[in-house]
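Secondary and tertiary structure notes
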2 protein chains.
Amino acid sequence: MTTTGATAYWCELAWVPPGEVASGVLVHVDDTHITAVERAATPPPRATRLPGLTLPGLANVHSHAFHRALRGRTHGVPTATGAGRGSFWTWRERMYDVARRLDPDTYHQLARAVYGEMVLAGITCVGEFHYLHHGPDGTPYDEPNVMAEVLVAAAREAGLRITVLDTCYLTGGIGAPLSGAQMRFGDGDAEKWATRADQLRGAHAKDHDVVVGAAVHSVRAVPPHELATVVSWGHASHAPLHVHLSEQRRENADCEAAYGVSPTALLFEHGVLGPRTTAVHATHLDEGGVGLLAGTETTVCLCPTTERDLADGIGPASSLSRAGSPLVLGSDSHAVIDLFEEARALELDERLHTEERGHWSAPELLTAMSESGHRALGFADAGLIAPGGWADLVSVRLDSVRTAGADLGRAVDMAVFAGTAADVVSVVASGCPVASNGHHLRLGDVGALLTSSIQTL
Amino acid sequence: MTTTGATAYWCELAWVPPGEVASGVLVHVDDTHITAVERAATPPPRATRLPGLTLPGLANVHSHAFHRALRGRTHGVPTATGAGRGSFWTWRERMYDVARRLDPDTYHQLARAVYGEMVLAGITCVGEFHYLHHGPDGTPYDEPNVMAEVLVAAAREAGLRITVLDTCYLTGGIGAPLSGAQMRFGDGDAEKWATRADQLRGAHAKDHDVVVGAAVHSVRAVPPHELATVVSWGHASHAPLHVHLSEQRRENADCEAAYGVSPTALLFEHGVLGPRTTAVHATHLDEGGVGLLAGTETTVCLCPTTERDLADGIGPASSLSRAGSPLVLGSDSHAVIDLFEEARALELDERLHTEERGHWSAPELLTAMSESGHRALGFADAGLIAPGGWADLVSVRLDSVRTAGADLGRAVDMAVFAGTAADVVSVVASGCPVASNGHHLRLGDVGALLTSSIQTL
């Protein structure tokens, strides 16, 4: 990565451990990491001044970059009979249409633009749940991991770190072979998946800015007897292991019918759950499922704007959190890329569900967006403005029409409950300035990149 | 109002009746109104070019301007015991703290800044549900309507039209006298309210940009025997009549206990419902309540971001809509001022509730934001880009990171489901350009006005 050497940033206000808003915070950075954090009432000479409230870098734990091409294009035009309204499953057909068309070049262009959008929103690390492994008919590319490598290249060009969650995807449904667009997702069996994933991991063994983790797409896509192979691969590399879980009731019904247990119980029985595991969505859980996730210290990644968009429902996030599962956040289908919106949606959807306020404080939501999120992506040393941490500094305006009027001692409340991606005024990622005043310092006009990469498809 | 004389705007894309996106639309304006709409492939000389997708002006049907001072300041810090999480009712105490402090000057300053924020979000007409009538102890000001007049002045300075919903607020709860901050809300009885409201109406009888309507605060605040007076006042002036309805379950319980019927039934029995009436929230309705509202053609104003914030719950919007109640939108407590967010929240909250997509199409949501909203505020000739309508033109960028990648023929889908207030690039209201590129052309730095007016309190 391009680095900047020793430098310093002076924050007008910053959110610093153990969770307080301090004014006049000087952050010393050597290349990619924070070396010291001290108080300074005024900016010293040569320090770069960061306005507003500076937060640690935000981690977008669950991304399917290519879904961005669907934004604004999948909303039904309902008719009197209810036809045309669409469902998760008709949405998936539209998503497959895009998946079918991508090649390494168009995937690279699109991912770079989408990661550029993320950077402008203050995201400094992305977890890409990646399963577009092979050519459209399932034939491996000459370079078997070329589709993952374009994601890594896209992330570096956009200036954020990436955790590639190399996804095992073997069946088109429980007991059903892959078909159509799914052909390119499959490696045949988990052993072959592991062999390919080994190559990807080996290629990035020395990279500090890239983590290669594993993913089980879901109990729909990986048969029980194949799960142990994926789990062992993750254990051997101390890598994060992610899995889609119970986003839709149909997954639960299919799993119960085939195996007599819930998806959560099936994953538990096969050793998938645990402190390095992140379950994504976890919307339709029974009490036993909450207990299994929390009891194994499994992290849960909520993707509230996607769960709203796809009519998934409101999951038991408060129960999971109280029982001990760390919560993290992802923009998933990229109907919206705005972790502030995801964070408050977590709280607000729980308010709608319970008719009570105050399930999480703004600092707790911010922790989900930053420290906990990075940990779920295998970056334990990120997400805090503290010595030894990755030098990610995300500054949020407190003078926009949205954020003006904050109680400065509780400015985090304003940022989390009223801030938006559009209020991110400066982003330093891995020690490098990457965005300023809504402008991406490397990519230039990200809107134009999004338009052209989506039009190409 | 300041007017610009005859002029023309050329829209790159515009949403025109009967609900289609057209490219190259030339809108001729004489002073405040649209005189003609025609197609023109390229911008003629002297026409002002409007980029992106141009929509009709948006109507914010339910506003309490002073609540903006609470943004980011009422979120609890929950403790292990659940204390500190807060509720609608503890939030109301914080709101009363602000209500207590306002005087005509600070109210004017704050409202001007808040209306400035609305204009930047594409709102060209606001319905202000106004009950801060008198001095803090209830003593009328020398000019009895000075607090309403500062709202009118604020709206004119900010460049939007206003419907002052002069609110009758007589009791502090069913059978309870006004107390504390509520003292300033009360006129004593409905006759005295009507006398004062008459003066306000008279003062603006010749103003085209101001409507004076009536409001019943709620069944909590107006006893049944006083309702007929407010209704008659509204009928006599053909004015809109608005009423808060069943936002919280406690209102229903109190009403049932006191009168043996639901708030909806009570309002129906006393003639409050009807085609010129707008019920705000309507969250906790039974099937009978839905039938009464729809059967009387009562409009329902949803305020989804407030209903999320205050943990009100998800109301039966889809049932109301199907049964025939027009739906409109308001930002109410101003936790957020973004009608795009309100519109998609209506659809997305219904998706969460039903686990089905596609309850309203994007054009239907846009109609709620514009044409239906204006009608609920007594501006029947606004909310459409058509000859004879008010010349309100709100242009939304389609090249921001949020909105890039639209299918141009369905650009309304992108605007409604992914656009934000920050994507509003130009606003023409009542024939005058009032905002451009996020800059308010009359007020200048609206963020600074918000900060100073809130700090003053």
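Residues numbered from 1 in each chain as written. Chains lettered and ligands numbered in written order. Predicted model: local features only at pLDDT ≥ 70, side-chain atom pairs only at ≥ 80, totals over all residues. Heavy atoms only, no water.

**Quick notes on the packing of aromatic side chains**
Within a pair of aromatic rings, the relevant descriptors are the distance that separates the centres and the angle that separates the planes. The condition that has to hold: Planes of paired rings set the category: under 30 degrees apart is stacked, over 60 is edge-to-face and the rest tilted, where pairs are Phe, Tyr or Trp rings (Trp by its six-membered ring) whose centres lie within 6.5 Å. Put simply, DSSP marks the helices as runs of H or I at least four residues long and the strands as runs of E at least two long, and each gets a number from the N terminus on. Only protein chains enter the accessibility calculation, which uses a 1.4 Å probe; a residue whose area is less than 20% of its type maximum is buried, one above 50% is exposed, and one in between is partly exposed. Definition used: whenever NZ (Lys) or CZ (Arg) falls within 6 Å of the ring centre and also within 35 degrees of the ring normal, the charge is taken to sit over that ring.
Across all of its chains, the model carries 18 aromatic pairs over all chains by this definition. Between Trp 193 of chain B and Trp 233 of chain B, the ring centres sit 5.3 Å apart and the planes meet at 65 degrees, which makes this aromatic pair edge-to-face. Here the residue Trp 193 of chain B occupies a position in helix α4 (residues 190-203), and Trp 233 of chain B occupies one in helix α5 (residues 224-237), the gap between them amounting to 40 residues. Under the relative-accessibility criterion, Trp 193 of chain B is labelled buried at 0%. We classify Trp 233 of chain B as buried; its relative accessible area is 5%. Aromatic ring contacts, followed pair by pair, group Phe 66, Tyr 96, Tyr 131, Tyr 169 and Phe 185 of chain A into a single cluster. Lying over the aromatic face of Trp 233 of chain B, Arg 201 of chain B brings its terminal NZ or CZ to 4.3 Å of the ring centre. Over the ring of Trp 89 of chain B we find Arg 250 of chain B, and its NZ or CZ is 3.8 Å from the ring centre.

**What to know about the relation of the copies chain A and chain B**
Both copies of the chain are tied together by a single rotation about an axis and a shift running along it. For clarity, the threshold we go by: Overlaid copies result from least-squares superposition on C-alpha atoms, with residues included only where pLDDT is at least 70 in both. Note on contacts: a residue pair is in contact if any heavy atoms of the two residues lie within 4.5 Å.
With an RMSD of 0.0 Å, the operation that places chain A on chain B is a rotation of 180 degrees combined with a shift of 0.0 Å along the axis. Both copies are brought into coincidence by an operation consistent with a two-fold rotation axis. For chain A, the residue whose C-alpha comes nearest the rotation axis is Ala 422 of chain A, separated from it by 3.4 Å. The overlap is high: 100% of the interface residues of chain A also sit at the interface in chain B, so the same surface is used on both sides.

**Here's the deal with the interface of chain A and chain B**
Frequently, the measure chosen for interface size is the accessible area removed from exposure when the parts meet. In plain terms, the rule: A simple way to read buried area is as the amount of 1.4 Å-probe accessible surface that goes missing from two parts once joined, with both sides added. The working definition used for a salt bridge is a side-chain nitrogen of Lys or Arg within 4 Å of a carboxyl oxygen of Asp or Glu. Think of a polar contact as two N or O atoms within 3.5 Å of one another; within protein, one of them needs to be a possible hydrogen donor and the other a possible acceptor, and neighboring residues in sequence only count if both atoms come from side chains.
Contact with chain A, which involves 60 residues of that partner, is made by 60 residues of chain B. When chain A packs against chain B, the two sides together hide about 5000 Å² of surface, and 51% of this comes from carbon and sulfur. Linking chain A with chain B are six salt bridges, by the criterion used here. Note that Glu 355 of chain A is salt-bridged to Arg 249 of chain B, the shortest N-O span being 2.6 Å. Our count for the chain A to chain B interface comes out at 24 residue pairs in polar contact (both at pLDDT 80 or more).

**Regarding α4 of chain B**
Think of an α-helix as turning once every 3.6 residues; residues three or four places apart then point the same way. All names here are of chain B. This is how the line gets drawn: Take the number of residues in a helix, subtract one, and multiply by 1.5 Å to get its expected span.
In this model α4 runs 20 Å from its N-terminal to its C-terminal C-alpha over 14 residues, within 8% of the 20 Å that 1.5 Å per residue would give. Along α4, the positions that sit buried rather than exposed are Ala 190, Trp 193, Ala 194, Arg 196, Ala 197 and Leu 200. On the buried face of α4, the contacting elements are α3 (146-158), β7 (161-168), β8 (210-216) and α5. Two or three places before Glu 191, at the start of α4, stands the capping residue Asp 189, its side-chain oxygen 3.1 Å from that residue's backbone nitrogen.

**Here's the deal with the pattern of salt bridges**
Tallied over the entire structure, the rule returns 48 salt bridges over all chains. Notably, a salt bridge pairs Lys 192 of chain A with Asp 189 of chain A, separated by 3.9 Å at the nearest N-O pair. The salt bridge partner of Glu 117 of chain B is Arg 68 of chain B, with a shortest N-O separation of 2.9 Å. Remark: Arg 68 of chain B occurs in the loop between β5 (58-63) and α1 (88-101) and Glu 117 of chain B occurs in helix α2 (residues 104-120); sequence separation between them is 49 residues. For Arg 68 of chain B, a relative accessible area of 0% corresponds to the buried category. Here the salt bridges share partners, and the residues they tie into one network are Arg 308, Glu 341, Arg 344 and Asp 349 of chain A.

**A short note on unusual backbone geometry**
A cis amide bond, omega 5 degrees, links Pro 17 of chain A with the succeeding residue Pro 18 of chain A. Position of Pro 18 of chain A relative to the elements: it lies in the loop between β1 (6-16) and β2 (20-30). For Arg 46 of chain A, which is not glycine, the phi dihedral falls at a positive 75 degrees. Judged by its relative accessible area of 79%, Arg 46 of chain A is exposed. A positive phi is found at Glu 355 of chain B, a non-glycine position, where the angle reads about 60 degrees. As for its position among the elements, Glu 355 of chain B is in the loop between α11 (339-354) and α12 (362-369). On the accessibility criterion, Glu 355 of chain B (27% relative accessible area) is partly exposed.

**Some thoughts on the environment of Ala 221 of chain B**
All names here are of chain B. Structurally, Ala 221 is set in the loop between β8 and α5. As for Ala 221 and Phe 185, which are separated by 36 residues in sequence, their C-alpha atoms are 9.9 Å apart. The contacts of Ala 221, once residues within four sequence positions are left out, are Tyr 169, Leu 170 and Thr 171.

**Concerning the sheet that holds strand β1 (residues 6-16) of chain B**
Residues and elements named next belong to chain B. We count it as follows: Pairing between two strands requires that DSSP report at least two bridges joining them. Throughout, an axis means a line fitted to C-alpha atoms (over the contacting stretch in the case of helices), and angles, computed between N-to-C directions, take values from 0 to 180 degrees.
Strands sit in the order β3-β2-β1-β4-β13-β14-β15-β16 across an open sheet of eight strands; the sheet is mixed. Each end of this open sheet is capped by a strand with a single partner; those strands are β3 (33-39) and β16 (439-440). Here helix α14 (residues 411-418) sits on the sheet and contacts β1, β2 (20-30), β4 (48-56) and β13 (393-396); the angle it forms with β4, its principal contact strand, is near 70 degrees.

**Some words on the nonpolar core**
Worth spelling out the cut-off: In these notes, a set of buried Ala, Val, Leu, Ile, Met, Phe, Trp, Tyr and Cys residues joined through side-chain atoms within 4.5 Å is what counts as a nonpolar core. For every domain, the bounds stem from an assignment made automatically or drawn from a database.
With 138 residues, the main nonpolar core has Leu 53, Phe 66, Leu 102, Tyr 115, Leu 132, Ile 162 and Leu 293 of chain A as its most contacted residues. Taken together, domain 1 (6-55 + 386-440) and domain 2 (58-376) of chain A each give at least three residues to this core, which thus spans both. Counting 137 residues, the second-largest nonpolar core is a separate cluster that includes Ala 148, Ala 158, Val 222 and Cys 301 of chain B.

**A short note on helix α6 (residues 249-259) of chain B**
Residue and element names in this part refer to chain B. Note the threshold: Working note: the arc is built from the helix axis to C-beta atom directions.
For α6, every residue scored as buried is listed here: Glu 251, Asn 252 and Cys 255. Relative to the axis of α6, the buried residues are bounded by an arc of 100 degrees and lie together on one face. Backbone geometry just downstream of α6 places Gly 260 in the positive-phi region, at approximately 75 degrees.

**Things to note about the pairing of strand β11 (residues 299-302) of chain B**
All names here are of chain B. To keep things clear, this is the line we draw: When the strands point away from the viewer and the path from the first strand over the helix to the second turns clockwise, the crossover is right-handed.
Because side chains alternate across β11, one face comprises the buried residues Thr 299 and Cys 301, and the other comprises Val 300 and Leu 302, equally buried. Sheet topology note: the strand β10 (residues 277-281)/β11 ladder contains three bridges and is parallel. Residue Ala 279 lies in a different strand from β11, and its bridge partner there is Val 300. Following the chain from β10 across helix α8 (residues 287-295) to the adjacent parallel β11, one finds a crossover that is right-handed. For β11 and strand β12 (residues 327-329), the ladder comprises three bridges, and the chain directions are parallel. From the neighbouring strand, Leu 302 faces β12, where its bridge partner is Leu 329.

**Here's the deal with the packing of α12 of chain B against α14 of chain B**
Residue and element names in this part refer to chain B. To keep things clear, this is the line we draw: The sense of a crossing depends on the near helix, which, turned anticlockwise from the far helix by less than a right angle, makes the crossing left-handed and, turned clockwise, makes it right-handed. Amino acid classes used here: Ala, Val, Leu, Ile, Met, Phe, Trp, Tyr, Cys and Pro are nonpolar; Asp, Glu, Lys and Arg are charged; the rest, including Gly, are polar.
It is the contact of α12 with α14, at a shortest axis distance of 9 Å, that shows an interaxial angle of 60 degrees. As for how α12 packs across α14, the hand of that crossing is left-handed. Here α12 contributes Ala 362, Pro 363, Leu 365 and Leu 366 to the contact with α14, which in turn contributes Val 412, Asp 413, Val 416 and Phe 417. In the contact of α12 with α14, the residues fall into seven nonpolar, no polar and one charged.

**Examining the sheet that holds strand β16 (residues 439-440) of chain A**
Residue and element names in this part refer to chain A. Judged by pairing direction, the sheet is mixed, and its eight strands sit side by side in the order β3-β2-β1-β4-β13-β14-β15-β16 without closing on themselves. For this open sheet the edge positions go to β3 (33-39) and β16, each flanked by a neighbour on one side alone. Pairing of β1 with strand β4 (residues 48-56), which is carried by five bridges, proceeds in the parallel orientation. Counterpart to Ala 14 in the pairing with β4 is Thr 54. The strands touched by helix α14 (residues 411-418) are β1, β2, β4 and β13 (393-396); relative to β4, the strand with the most contacts, the crossing angle is about 70 degrees.

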